[in-house]
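Below are the chains, spelled out letter by letter.
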Amino acid sequence: MADDGYLSSAWESGDPSEFQNSAGHGRPQLRTFDSAEPSSAGARVDSPSPIPRASVDSAGGPSTSRWQDTESVGTGAAERHDTILGSVQSEVPTLVEPTFDENMLRALCELDCGVPLLLDRIKQSMVSCREAATYFKKRAVMEEEYGKNMQKHARSTAEIYSMNDGKAGSFVSAWHGTLRVHELMAENRLRFAHRLNEMSEELSNLTKEVDKNRKQTKELATRYERALQESESTTEKCKNRLDITSEELERLLLQKEGESLKDNVVQGRPGGAGGKRAIGKAVAKGGLLLKGKNPGNIQRQEDDIRSRMSVASDVYRKAVTDTQAMRQEYFNFQLPRILRSLKECADEIDLGTQYHLTRYAFLFESIVLGDGSILVPPREEGLGLKASIETIDNRGDFRTYMQNYAYARGGTAARGPRREGPTEEGFLPPLPRHEGDKTTHHSPNGVKPGVQQIPTRPTFGVDLAEQMARDKVELPPILIKCCEAIEKYGMQTQGIYRISGMTSKVAKLRQQLDNDLDTVDLDAPEWSGDINNVTSVLKGWLRDLPDPLLTFSLHQGFIDAAKIENDRLRHIRLHERVNELPDPNYATLKYFLGHLYRINQNAAVNAMSMQNLAIVFGPTLFGLPPASHQGQANGGMADATLQNMAIETILNHYTDIFVDESDAGS
């Protein structure tokens, strides 16, 4: 038996309890999970880990000192935990990433319930993640429905207003600006809903991935525990076979020395099978003890029993070695790796949920701030809701409407009492006009405000062709004078042409330009300080033309061309109508639209897009045709949307319509 190596000292001591301790009795019971793949007794479980194992940790025969150390480990749960922690500390560079919480992994290794603890925690995190994903999904549905309804409502309102007989002028611009603000807010909500849908999908995918990893890790842990339990059960069976064989040998030795069965009682080993029961099994199995006390026969029996006990001892030694190696493998390597994998899953879903909640808070704040910046934008980005509404000039709109209304009905028979008539019918001559007793003072142009002068060379209300023929010019002087001043002082003015000037200032400048155009200095601080007065006068001059710039005769042609939905074909038809204009009108339109084109190039500052310019000048350039042209008094107002579309298309294609290639090259 001396050749048995590392078990010889334990065997010769005659105390089988040492084998019992080394087999792992007193170790904390391992928890068994749902399903596991059974492994053969004593077999190693294949590890998917790429980390190489040392030779002393394998299932091969360890040294005597390592067996004695392992034997002492089995004495209690506290000493086993110390060994595990020491092994984890020595293998930190290979088991745990530097960024992983080493202290948390160490604390989990100390717990007997580390694996179920993490599995239950991951379940809780998955429930929280699913709830967050569901909330984002429902919130996205609400935001998308709200955005689509607001966008649809704003657009339908604009279309309905264009078809109805509503107010025109500055009110239309403010109304369209108000609806545009609501469209922008609706677009913000739709983008917010899209982001919420993305976050909901990402959280759902994260939950599925973590659940998949959790199940795989749980199955792996269950396989390891099941294999270790089966190996321990196999070791216990080998130990029982060795105990039975040793009892049989002791009994034979007693017979060899001549002692009777009745006078000797074989003491049973603590923790092993009962002595009497073991002897009874041995007698029943072989019946060797009932044979005669032939020395030769007894010697053969002794040799046979010793041979069987040597085989049983080798098998038991091999089972103990395999079980101890598997135990070292599980507690020192596989368990920390499994706990680390589960903790990473828990951290992944917790951090992912927190990240998306933080992202939601940021997006929600951005949406609210975005709505605020749309309602009250920075000064250089245009007008907000309140500022757009404040641009409504009720007095100016009414004055324009009154002039257009009177002009449109100038040719119809009066339905009320006549103002003037022949004296023989009892009408009195008109009374002379006077301004009353006002304090007179001279204006810079030498005109007394209290006295209305008769213009020697009138500018307002005169046919365009007559003006240009009278002055022998290719372009109206008032147009050149006003446009140059506006481009000099008003290119950076926000809402240029959309905001009206002061009524008194506009009337004063109009009178001065109509009396003596050449003597008016638009560079004077009185006019350059508020360029909106100059723009209002220029719009008034265009409105007062007896035949509008685009002429009544071509009015229906422009309207029919604007109805074409195809942008390219609409451009071609409008180009043809422009070419049909009389020469004075064509030259004036080319110069004025070039001026508006340059105004639009600064739209980032003055907020005058092509659409805004078209809304302002559509009714002005087309004018209000008399009832005889349209068959109804408000025919021009009904065509407001198409007029705006025509002007916007011509502005967008200004270079194609008016600028020749030779002019562009020069």
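Small disclaimer: the values here were computed from a predicted structure and weren't measured.

A. How the structure looks around the overall build of the chain. Each helix and strand counted, the chain has 27 helices and zero strands in total. Residue burial in the chain is summarised as follows: out of 666 residues, 42% are buried. Intrachain contacts of the chain at a sequence separation of at least 6 include 81% that bridge at least 24 residues. Here the chain has roughly 36400 Å² of accessible surface; of this, 53% comes from carbon and sulfur atoms.

B. Local environment of unusual backbone geometry. A positive phi is found at T551, a non-glycine position, where the angle reads about 65 degrees. Assignment of secondary structure puts T551 in the loop between α17 (532-543) and α18 (555-562). With phi around 60 degrees, A607 is a residue other than glycine that occupies positive phi space. Within the fold, A607 resides in the loop between α21 (603-606) and α22 (610-622).

C. Broad picture of the nonpolar core. Core analysis: the biggest nonpolar cluster contains 55 residues, and Y497, F592, L593 and L621 have the highest contact counts within it. Per-element accounting of this core gives the leading share, seven residues, to α22. For F592, the contacting residues outside a window of four places in its chain are L479, C483, Y497, L538, L542, F617 and L621. Residues L108, V115, L206 and L342 belong to the second largest nonpolar core, which totals 38 residues.

D. Local environment of the side chain of T353. Mapped onto the elements, T353 comes out in helix α10 (residues 295-375). With residues up to four places along the chain from it excluded, the contact list for T353 reads C129, A132, L203 and L206.

E. Just helix α20 (residues 583-600), in detail. Here α20 is 18 residues long and its end C-alpha atoms lie 25 Å apart, about the 26 Å a rise of 1.5 Å per residue gives. Listing the buried residues of α20 in full gives N585, T588, L589, F592, L593, G594, H595, L596, I599 and N600.

F. Inspection of the state of the cysteines at higher detail. One pass over the structure, following the stated rule, counts zero disulfides. Left unpaired, C483 is separated from the closest cysteine sulfur, that of C482, by 7.0 Å.

G. Structural view of the environment of D243. Mapping D243 onto the fold places it in helix α8 (residues 170-256). Under the relative-accessibility criterion, D243 is labelled buried at 11%. Separated by 69 residues in the primary sequence, D243 and A312 have C-alpha atoms spaced 9.1 Å apart.

H. Layout of the packing of aromatic side chains. Within the structure shown, the criterion is met by 16 aromatic pairs. Between the aromatic rings of F192 and Y360, the centroid separation amounts to 6.4 Å while the plane-to-plane angle is 20 degrees, which identifies the pairing as stacked. Here the residue F192 occupies a position in helix α8, and Y360 occupies one in helix α10, the gap between them amounting to 168 residues. By the burial criterion, F192 is buried, and Y360 matches it. With a centroid separation of 5.2 Å and 35 degrees between ring planes, the pair formed by Y654 and F658 is classed as tilted. Of this pair, Y654 and F658 both sit in helix α26 (residues 654-658), four residues apart, which is roughly one turn of that helix. A relative accessible area of 2% places F658 in the buried class.

I. Fine view of a nonpolar patch on the surface. There is a patch of nonpolar side chains on the surface, built from F398, Y401, M402 and Y405 and spanning about 430 Å² of accessible area. The topology assignment puts Y401 in helix α12 (residues 394-408). Given the relative accessible area of 39%, Y401 is considered partly exposed.

J. Molecular detail of the environment of I572. With respect to the helices, strands and loops of the structure, I572 is situated in helix α19 (residues 567-579). Along the sequence, I572 and I657 sit 85 residues apart, while their C-alpha atoms lie 8.9 Å from each other.

K. Spatial organisation of the packing of α22 against helix α25 (residues 640-652). At a minimum axis separation of 7 Å, α22 and α25 run at an interaxial angle of 120 degrees. By the criterion of interaxial angle, the relationship of α22 to α25 is oblique. Viewed along their axes, α22 and α25 form a crossing whose handedness is right-handed. Between α22 and α25, the contacting residues are M610, Q611, L613, A614, I615, G618, P619, L621 and F622 on the first element and Q643, N644, A646, I647, E648, L651 and N652 on the second. When its residues are assigned to classes, the contact of α22 with α25 shows 10 nonpolar, five polar and one charged.

Here is what the cut-offs are and how they apply
- What you see as residue numbers is a count from 1 along each chain, following the sequence as written.
- Local features in a predicted model are, by the rule used here, given only for residues with pLDDT of at least 70; side-chain atom pairs are given and counted only at 80 or more, and totals for whole chains, interfaces and linings are based on all residues.
- Only hydrogens and water are removed before side-chain values are computed, so all heavy atoms of the structure are retained for them.
- By the criteria applied, helices consist of DSSP H or I runs no shorter than four residues and strands consist of E runs no shorter than two, each listed in order from the N terminus.
- In this scheme, a residue with accessible area under 20% of its type's maximum is buried, one over 50% is exposed, and one in between is partly exposed, where area comes from a 1.4 Å probe on protein chains only.
- We call two residues contacting when some pair of their heavy atoms lies within 4.5 Å.
- The protein chains shown are the only cover counted for residues, whose accessible areas, like all others here, come from Shrake-Rupley with a 1.4 Å probe.
- Nonpolar cores are built from buried Ala, Val, Leu, Ile, Met, Phe, Trp, Tyr and Cys residues. Side-chain atoms within 4.5 Å join them into one set.
- Here the expected length of a helix is defined as 1.5 Å per residue gap, with one fewer gap than residues.
- Only a pair of cysteine sulfur atoms within 2.5 Å qualifies as a disulfide here.
- Planes of paired rings set the category: under 30 degrees apart is stacked, over 60 is edge-to-face and the rest tilted, where pairs are Phe, Tyr or Trp rings (Trp by its six-membered ring) whose centres lie within 6.5 Å.
- To count toward a patch, a residue needs a relative accessible area above 30% and no salt bridge. Like charges then connect within 9 Å, nonpolar side chains (Val, Leu, Ile, Met, Phe, Trp, Tyr) within 5 Å.
- Each salt bridge in this description consists of a side-chain nitrogen of Lys or Arg and a carboxyl oxygen of Asp or Glu lying within 4 Å of one another.
- The convention used is that axes are lines fitted to C-alpha atoms, helices contributing only their stretch in contact, and that angles between N-to-C directions extend from 0 to 180 degrees.
- Orientation categories follow fixed angle ranges, with anything under 35 degrees roughly parallel, anything over 145 roughly antiparallel, 65 to 115 roughly perpendicular, and all other angles oblique.
- Here a crossing is taken to be left-handed if its near helix is turned anticlockwise relative to the far helix by less than a right angle, and right-handed if that turn runs clockwise.
- For this scheme, ten residues count as nonpolar: Ala, Val, Leu, Ile, Met, Phe, Trp, Tyr, Cys and Pro. Four count as charged, namely Asp, Glu, Lys and Arg, and the remainder, Gly too, count as polar.

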